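# What the coordinates show
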Amino acid sequence: MNATAGEGHTPPKEIAKAMTKDEKLLWFDHPDALSFAQTKLKSLMMAVPFFVFSVIWFNVFLKPTMPPYMGVIGWIFAGFGVWQFAVPLWAFIVAKLFMFYAITDNRLLIVQFYPKSKIKAVAIKDLVNILKLKGGDKSGTLIFEVPDMANKKATKEGQFVKAAVTFHGISNVDRIEDAVNQLRGVKPASPAAPAAPGAK
């Protein structure tokens, strides 16, 4: 799905709930599920030691003379390992079916509507930088940064920033970057950059 919203377009109900009364939806899409799942792969590193400990517990430390409840310790660690192993798979499902990225004339939105409703938003006027990670084709990831004095991460301009929202694996990443920059009033990277989605 790669949707561009324009005048008269009715947004999905999940996005409509996240929008204010006067906002106009310009673009929305699902994340690329594989790209989003890859951001959760570090959980696999957590899963391995828990599996190893459970195996060691059952085969080395657990003795027949121990009370039966001592076996529960091994199952707890094994269960936690299974849960960590399943995190990327669940992230894939969520991105594929239950999450939207959206751009309105005022904000960037990440809307997740299952298993529980989550909305992450950042005002376009607050953006100070956009980082682009481009893939082999026209797809890529955009990281949108806003001021953050707490983290003390300096940009070349001496500002302190943090990643506010990230759009993982969106198609035609150059077009979306240029569209957001136009909304910010920043000159597009290329002279022939297309207009913002939904703009006339």
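Summary of the structure given here. Predicted model only: the values in this text are computed from it and were never measured. (Residues numbered from 1 in each chain as written. Predicted model: local features only at pLDDT ≥ 70, side-chain atom pairs only at ≥ 80, totals over all residues. Heavy atoms only, no water.)

## Examining the sheet that holds strand β8 (residues 161–170)
One open sheet accounts for three strands, arranged β6-β7-β8; its pairing is antiparallel. The open sheet has two edge strands with one neighbour each: β6 (129–134) and β8. Across the sheet, the axes of successive neighbouring strands diverge by a mean angle of 15°, strand direction being ignored. Alignment of strand β7 (residues 140–147) against β8, held across seven bridges, turns out to be antiparallel. Paired with valine 146 across the two strands is lysine 162, which belongs to β8. Strands in contact with helix α5 (residues 173–184) are β6, β7 and β8; relative to β6, the strand with the most contacts, it is inclined by about 175°. (Pairing = 2+ DSSP bridges. Helix = DSSP H or I, 4+ residues; strand = E, 2+ residues; numbered from the N terminus. Axes fitted to C-alpha atoms, helices over the stretch in contact; angles between N-to-C directions. Contact = heavy atoms within 4.5 Å.)

## As for unusual backbone geometry
In this model, tyrosine 114 is joined to proline 115 through a cis peptide bond whose omega is 0°. Mapped onto the elements, proline 115 comes out in the loop between β4 (107–112) and β5 (118–123). Even without being glycine, asparagine 172 reaches a positive phi, approximately 50°. Relative to the elements of secondary structure, asparagine 172 occurs in the loop between β8 and α5.

## Description of a positive patch on the surface
On the surface, a cluster of positive charge is contributed by Lys40, Lys42, Lys116 and Lys118. Mapped onto the fold, lysine 42 is located in helix α3 (residues 42–61). Look at lysine 42 and you get exposed, because its relative accessible area is 65%. (Patch = residues over 30% accessible without salt bridge, like charges linked within 9 Å, V, L, I, M, F, W, Y side chains within 5 Å. Areas by Shrake-Rupley, 256 points an atom, 1.4 Å probe, with all protein chains shown as cover. Salt bridge = Lys/Arg side-chain N within 4 Å of Asp/Glu carboxyl O. Lys, Arg positive; Asp, Glu negative; His and termini not counted. Charge placed at Lys NZ, Arg CZ, Asp CG, Glu CD. Buried < 20%, exposed > 50% of the residue type's maximum accessible area, 1.4 Å probe, protein only.)

## Side note on the environment of valine 87
Turning to its location among the elements, valine 87 is positioned in helix α4 (residues 71–97). Spatially, the C-alpha atoms of valine 87 and lysine 40 are 6.7 Å apart, while their sequence positions differ by 47 residues. Dropping the residues within four chain positions of it, valine 87 is found in contact with Lys40 and Ser43.

## Here's the deal with the pattern of salt bridges
For the coordinates displayed, the defined rule picks out five salt bridges. Note that arginine 107 and glutamate 23 form a salt bridge whose closest N and O atoms lie 2.8 Å from each other. Of the two residues, arginine 107 sits in strand β4 while glutamate 23 sits in the loop between α1 (13–18) and β2 (25–29), which places them 84 residues apart along the sequence. The buried category is assigned to arginine 107, whose relative accessible area is 19%. For glutamate 23, a relative accessible area of 9% puts it in the buried group. Measuring nitrogen to oxygen at the nearest pair gives 2.6 Å for the salt bridge that ties lysine 132 to aspartate 174. In this pair, lysine 132 sits in strand β6 while aspartate 174 sits in helix α5, placing the two residues 42 residues apart along the sequence. Three or more residues are tied together by salt bridges with common partners; here these are Lys132, Lys134, Asp174 and Glu177.

## Side note on the pairing of β2
Across the five residues that make up β2, a large majority, five, are buried. Here β2 pairs with strand β3 (residues 99–104) via four bridges, running antiparallel. Among the inter-strand pairings, phenylalanine 28 is bridged to a residue of β3, identified as alanine 102.

## A closer look at the environment of glutamate 14
Relative to the helices and strands, glutamate 14 is located in helix α1. Sequence spacing of glutamate 14 and methionine 99 is 85 residues, and the spatial spacing of their C-alpha atoms is 9.0 Å. Contacts of glutamate 14, omitting those with residues within four sequence positions, involve Phe100, Val111 and Phe113.

## A short note on the packing of aromatic side chains
Under the counting rule described, the total for this entry stands at seven aromatic pairs. Ring centres of phenylalanine 28 and phenylalanine 100 lie 5.9 Å apart, and the angle between their planes is 80°; on these two criteria the pair is classed as edge-to-face. Taken together, the residues span a long stretch of sequence, with phenylalanine 28 in strand β2 and phenylalanine 100 in strand β3 at a distance of 72 residues. For the residue pair phenylalanine 28 and phenylalanine 100, the accessibility class agrees, reading buried in each case. Measuring from ring centre to ring centre gives 4.5 Å for tyrosine 101 and phenylalanine 167, while their planes differ by 10°; the resulting arrangement is stacked. One end of the pair, tyrosine 101, is in strand β3; the other, phenylalanine 167, is in strand β8, with 66 residues separating them in the sequence. The residues tyrosine 101 and phenylalanine 167 share a single accessibility class, namely buried. Chaining the aromatic ring pairs together yields one cluster made of Phe28, Phe98, Phe100, Phe113 and Tyr114. (Phe/Tyr/Trp six-rings, centres within 6.5 Å; stacked < 30°, edge-to-face > 60°.)

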